[in-house]
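Per-entry structural report
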Amino acid sequence: MQNRENRKLKPGMSMSLNNIPVVTVTESETLRPGEEVPDIRGCQSHPCSPRYKRRAFTTTIAGTKYIIVANPPDRAKDDSSVGAKNGQLSRAGSLTVLRRTNSKSKLPSTSSSRTSSIAESDSYASVDLGTDKLPPIDTPEASHVCSIRLRNILRRIQNGEVSKEDLHKNLEYAASVLESVYIDETRRLTDEDDELSEVEPDAVPTEVRDWLALTFTRSMSNVRRRGLEKPKFRSVAHAIRAGIMVDRIYRRLSSSATLHIPPAVLQLLKGMDDWSFDVFSLNSAADGHSLKYVGYELLQKYDLVTKYKINSSMLDSFLLQLEVGYSKYKNPYHNLVHGADVAQTVHYILSQSKLAHWLTDLEVFATIIAALIHDYEHTGTTNNFHIQTGSEFAVLYNDKAVLENHHICASFRIMRSEEANILNHLSREEYREFRALVIEMVMATDMSFHFQQLKNMKNLLGMPENIDKQKALSLVLHCADISHPAKDWNLHRRWTSQLLEEFFKQGDREQELGLAISPLCDREKTLVAESQIGFIDFIVDPSFAVMTEMLEKILTPLQKAARSEDAISEEVFDKTDKSKYILSTPWSDCLADNKNKWKVQAAKDAEERKQKEAEELSKETSNTNNNTTKPIAPPGGPTPAVSCSAGKGGN
């Protein structure tokens, strides 16, 4: 072999592998005993594969052992190849330089396949600075290989041997690996259970604090399944183009070809794009069928009736059966009007924020249906009441999200019936995806998950990847479900009155059963204004703040992509859009205004209670004085006069 001797480095000479002389290997030369190189790649085309006999020698530079391995001459691809005759091998080949490190793994290998994989990764992390052959960023060995590669780069930087391009590629790979590890760890922590925080003791009255703790906290006893999102768009541009279609659908007038809509109802439905939509007026004009008309209008607006070939008679039957279920227990609050209101509020968030552009048709369909059914056959009592009384629902659903489980179960029974099967044209895969999303969203309306839900979303907002769609839509529905304090005062006040009446009815039943009356369910002691202030401060306002931040994170990239394509930008977003996505938040002003009005009312109520207590105290004092100064008349005659001396001395 030519140039076979080990060459010593001269002073000032770089310890680069490029300085090792290139040699030509001939067939007459043989390997030295014990210098065969193992197959560290497991690939037949690799220079060290045992498929061909190899010739090699070793050299040591700065304490590191290098193996120079000869590659076999390439077989000629055609008769015109240089050095090839009749398909024979050419007489010259090339060399591959591998570095054999002296470090040993501290952890024993659990399997031969993993050992081979790590050895393979170690070699490529050390041999060259290319990233093509490194393991995928989401594999277990990626972080290990990344650390080796970075240390190797660090040594090369000290000797000035790393090009800017190689450095850029490797740093980008390392950043991707770190992001992947961070995302996995954050997801794990996000789904872990923890004890939910309670309201500060002095922040609200005791009764309000007890109600907040009872209604909106619970011990998470199981980790819910994290849904695997299947992206339907391969690029943001596709999502924007799909958004154009949805945007055009919004501009369509209501279609009443298959359902007769009274003119007065049709006129009111034009206001469905308003935040403080008056669903009470709609229900009066619709003769108590607001849920039916809202549901039909929304499915038409998003062109879902046509998209999923929903039969008009089946849709009519489905919506009417929903109304019957909502009216079953004659609830003052959890009735069909509430169902229609929540569905309209969800629509407002989807359309006015343009969140619908981020969703597929099937996801929009599932979101609308989840909003319509979310309180189907609500009993007018809380989950805690069912658990305390051991109701049939509590037994059936094992005390876990009792009402939410029933809403879902009973609603899907309707959709499985022949006369109301609005899902009969979905494929198996579409049905599974639809059902999974509806279940996730409705289960998230369990108020005892409230603080855990906000905590999870806050953690997701700190992650570099996109927000999980199921969690995003679940938060939208949850916010719509508790949105009445964020509407105009006249609507909010009416909803509050109806909700408290439902609470009071539960309190009456608890009193009859000899149970402790739940917070805010006592007709005589409930502090209405204070309860709403606490509800706004600790529940509604934080929820809408998190949802607003979530919408901005989701939609800002869509806006940026839209601006990059003028045609798309003009269709989807206003031309006045600047550098940042600006979300309209009408709920902010409503929350502030309603809170101030409740504060004024709370001050009046406190003054009235104070005056009433003073009057009662005065009355009691007066009665006491009368009882002590008025003589008791003996039976059968008038009361004789009593002298002071006789009174003092007694008998």
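The preceding data block contains the structure.
Just so it is clear, the model here is predicted, and its values are computed rather than measured.

Side note on the pattern of salt bridges
Throughout the structure, instances matching the rule amount to 12 salt bridges. Note that glutamate 165 is salt-bridged to lysine 169, the shortest N-O span being 3.3 Å. Taken together, the residues glutamate 165 and lysine 169, both in helix H3 (residues 164-190) and four residues apart, mark about one turn of the helix. The class for glutamate 165 is exposed, based on a relative accessible area of 51%. A relative accessible area of 36% means that lysine 169 is categorised as partly exposed. Taken together, the shared-partner salt bridges in this structure form one network comprising Glu501, Asp508 and Arg523.

Comments concerning helix H12 (residues 361-373)
With 13 residues, H12 should reach 18 Å at 1.5 Å per residue; the first-to-last C-alpha distance of 19 Å fits that figure. Across the 13 residues that make up H12, a large majority, 12, are buried. When H12 is considered as a whole, its buried residues turn out to be Leu362, Glu363, Val364, Phe365, Ala366, Thr367, Ile368, Ile369, Ala370, Ala371, Leu372 and Ile373.

Some words on the packing of helix H11 (residues 336-352) against H12
Close contact between H11 and H12 brings their axes to 7 Å; oriented N to C, the two are set at 155°. Of the possible angle classes, the one that applies to H11 and H12 is roughly antiparallel. Read as a crossing pair, H11 and H12 show a hand that is right-handed. Together, Gly339, Val342, Ala343, Val346 and Leu350 of H11 and Thr367, Ile368, Ala371 and Leu372 of H12 make up the contact between the two elements.

Focus: the side chain of histidine 406
Residue placement: histidine 406 occurs in helix H15 (residues 402-416). Using a relative accessible area of 6% as the deciding quantity, one classes histidine 406 as buried.

Quick word on the nonpolar core
Looking at soluble globular proteins, one finds that nonpolar side chains tend to be buried together. The biggest cluster of nonpolar side chains holds 118 residues, and the ones touching the most others in it are Phe318, Phe365, Ile369, Phe434, Met547 and Met550. Tallying contributions element by element places helix H20 (residues 528-563) first for this core, with 14 residues. Sequence-distant contacts of phenylalanine 434, defined by excluding residues within four places in its chain, comprise Leu362, Phe365, Ala366, Ile369, Phe412, Leu423 and Leu426.

Quick look at unusual backbone geometry
Phi at aspartate 399 is positive, roughly 65°, even though this residue is not glycine. Counting through the fold element by element, aspartate 399 comes out in the loop between helix H14 (392-396) and H15. For aspartate 399, a relative accessible area of 36% corresponds to the partly exposed category. Even without being a glycine, alanine 401 presents a positive backbone phi close to 45°.

Topic: the packing of helix H16 (residues 428-443) against helix H18 (residues 469-481)
Two elements in contact, H16 and H18, have axes separated by 8 Å at closest approach and are oriented at 45°. In terms of their interaxial angle, H16 and H18 are classed as oblique. Considering how the two elements wind past one another, H16 and H18 form a crossing that is right-handed. Residues Ala436, Leu437, Glu440, Met441 and Val442 of H16 touch H18, and the partners they reach there are Gln470, Leu473, Ser474 and Leu477. Split into classes, the residues belonging to the contact of H16 with H18 amount to six nonpolar, two polar and one charged.

Concerning the environment of valine 528
The residue valine 528 is located in helix H20 in this model. When the C-alpha atoms of valine 528 and valine 208 are compared, they prove to be 9.3 Å apart, with 320 residues separating the residues in sequence. Apart from residues lying up to four places away in sequence, valine 528 is in contact with Thr496, Leu500 and Trp598.

Criteria and thresholds
Residues numbered from 1 in each chain as written. Predicted model: local features only at pLDDT ≥ 70, side-chain atom pairs only at ≥ 80, totals over all residues. Heavy atoms only, no water. Salt bridge = Lys/Arg side-chain N within 4 Å of Asp/Glu carboxyl O. Helix = DSSP H or I, 4+ residues; strand = E, 2+ residues; numbered from the N terminus. Buried < 20%, exposed > 50% of the residue type's maximum accessible area, 1.4 Å probe, protein only. Expected span 1.5 Å × (residues − 1). Axes fitted to C-alpha atoms, helices over the stretch in contact; angles between N-to-C directions. Parallel < 35°, antiparallel > 145°, perpendicular 65-115°, else oblique. Left-handed = near helix turned anticlockwise from the far one by under 90°. Contact = heavy atoms within 4.5 Å. Core = buried A, V, L, I, M, F, W, Y, C linked by side-chain atoms within 4.5 Å. Nonpolar A, V, L, I, M, F, W, Y, C, P; charged D, E, K, R; others polar.

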